[in-house]
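Breakdown of the fold
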Amino acid sequence: AQSVTQLDSHVSVSEGTPVLLRCNYSSSYSPSLFWYVQHPNKGLQLLLKYTSAATLVKGINGFEAEFKKSETSFHLTKPSAHMSDAAEYFCVVMPLGGYNKLIFGAGTRLAVHP
Amino acid sequence: DTAVSQTPKYLVTQMGNDKSIKCEQNLGHDTMYWYKQDSKKFLKIMFSYNNKELIINETVPNRFSPKSPDKAHLNLHINSLELGDSAVYFCASSPRPLDGELFFGEGSRLTVL
């Protein structure tokens, strides 16, 4: 069975410093992986997706993620945090032929301090 | 214009009641979903419809019944509400059924007392 594990439930950074949100996946084949963001009291929004093309994936708002098969990781990064980045971030895997039956990680709450 | 809209946004009700949540999307997508987010922010799919046909039906109690009158609408009806049904319910739609890109509504927070 496929799954994702988000290694930190909370991450706190200062504005202007780098962001690293960690995600490991478990899959017997090369999966489709995603990061979604949820701002307070809002719906989820797709940040970026990996579907076996380039291993470094660029998303919206300056975020990017690197697929590392050897480490079974798909960490999300951003060079410089902005106050508006404060939100809940979900790492997501989709099974093959899964009809968008997305499997969500537990989420990482990102706090950004002035 | 809101792409995926859900009503009501907040719903407070007593155990045993029946309630419905409505969802509409104006994106022209063929596929729609219901996801449940519990108090620990864990998200799990409940149902999916593709062009009014049910394609995903997770292990959800029979008290939950989705209905899709047309491909732009997917409603969720819940009978005999229980305390454990308290959650945020998200409707979503997608242009393609197999690429993982979903567009979510803002959620409907259901509180069962």
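Definitions and cut-offs
Residues numbered from 1 in each chain as written. Chains lettered and ligands numbered in written order. Predicted model: local features only at pLDDT ≥ 70, side-chain atom pairs only at ≥ 80, totals over all residues. Heavy atoms only, no water. Helix = DSSP H or I, 4+ residues; strand = E, 2+ residues; numbered from the N terminus. Polar contact = N/O pair within 3.5 Å; in protein donor to acceptor, adjacent residues only side chain to side chain. Contact = heavy atoms within 4.5 Å. Buried area = accessible area lost by both parts, 1.4 Å probe. Salt bridge = Lys/Arg side-chain N within 4 Å of Asp/Glu carboxyl O. Pairing = 2+ DSSP bridges. Axes fitted to C-alpha atoms, helices over the stretch in contact; angles between N-to-C directions. Buried < 20%, exposed > 50% of the residue type's maximum accessible area, 1.4 Å probe, protein only. pLDDT = per-residue confidence, 0-100. Core = buried A, V, L, I, M, F, W, Y, C linked by side-chain atoms within 4.5 Å. Disulfide = S-S within 2.5 Å.

Glancing now at the side chain of Q38(A). By secondary structure assignment, the location of Q38(A) is in strand 5 (residues 32–38). Here the side chain of Q38(A) touches K42(A) through a polar contact of 3.2 Å, landing on its backbone oxygen. At 3.1 Å, the side chain of Q38(A) forms a polar contact with the side chain of Q37(B).

Let us now look at the interface of chain B and chain A. The interface of chain B with chain A comprises 24 residues on the first partner and 21 residues on the second. In total, about 1900 Å² of surface goes out of reach between chain B and chain A, with carbon and sulfur atoms giving 55% of it. Along the contact surface separating chain B from chain A lie 2 salt bridges. One salt bridge connects E106(B) with K42(A), and the closest N-O pair in it is separated by 3.3 Å. Put simply, chain B and chain A have 6 residue pairs in polar contact (both at pLDDT 80 or more) between them.

A word on the sheet that holds strand 1 (residues 4–7) of chain B. Residues and elements named next belong to chain B. Spatial ordering of the open sheet is given by 1-3-8-7, a layout of 4 strands whose pairing is antiparallel. Either end of the sheet is taken by a strand with one partner, and the two such strands are strand 1 and strand 7 (64–70). Averaged over all neighbouring strand pairs, the angle between strand axes comes to 20°, with direction disregarded. As judged from the 5 bridges shared by strand 7 and strand 8 (residues 73–78), these two strands associate in the antiparallel manner.

All names here are of chain A. Among the 7 residues in strand 5, 7 count as buried, and that is most of the element. Burial along strand 5 is two-sided: the face carrying S32, F34, Y36 and Q38 and the face carrying L33, W35 and V37 are both buried. Inspection of the sheet shows strand 5 paired to strand 10 (residues 87–94) by 7 bridges, in the antiparallel sense. Bridge pairing in strand 10 places W35 opposite C91.

Let us now look at the confidence of the model for chain A. Mean pLDDT over chain A works out to 92, with 98% of the residues at or above the 70 mark. Here strand 11 (residues 103–104) of chain A stands out as the element of chain A with the lowest mean pLDDT, 92, in contrast to strand 3 (residues 19–21) of chain A, whose mean of 98 is the highest.

Counting 26 residues, the largest nonpolar core has W35(A), L76(A) and Y89(A) as the members making the most contacts within it. It is strand 10 of chain A that contributes the most residues to this core, 4 residues altogether. Listed in part, the 20 residues of the second largest apolar core include V4(B), M46(B), L74(B) and A87(B).

Below, the discussion takes up the environment of L47(A). All names here are of chain A. Residue placement: L47 occurs in strand 6 (residues 44–50). Along the backbone, L47 and G59 are 12 residues apart, and their C-alpha atoms lie at a distance of 5.3 Å. What L47 contacts, discounting residues up to four positions off in sequence, is W35, Y36, V37, G59, I60, F63, L76 and Y89.

To continue, consider the state of the cysteines. Residues and elements named next belong to chain B. Tallying each qualifying case throughout the model produces 2 disulfides over all chains. C23 shares a disulfide with C91; S-S distance 1.9 Å. Taking the sign of the S-S torsion, about -80° here, the bridge from C23 to C91 comes out left-handed. Of the two residues, C23 sits in strand 3 (residues 19–25) while C91 sits in strand 9 (residues 87–94), which places them 68 residues apart along the sequence. Classification of C23 by relative accessible area gives buried; the value is 2%. Residue class for C91 comes out buried when judged on its relative accessible area of 0%.

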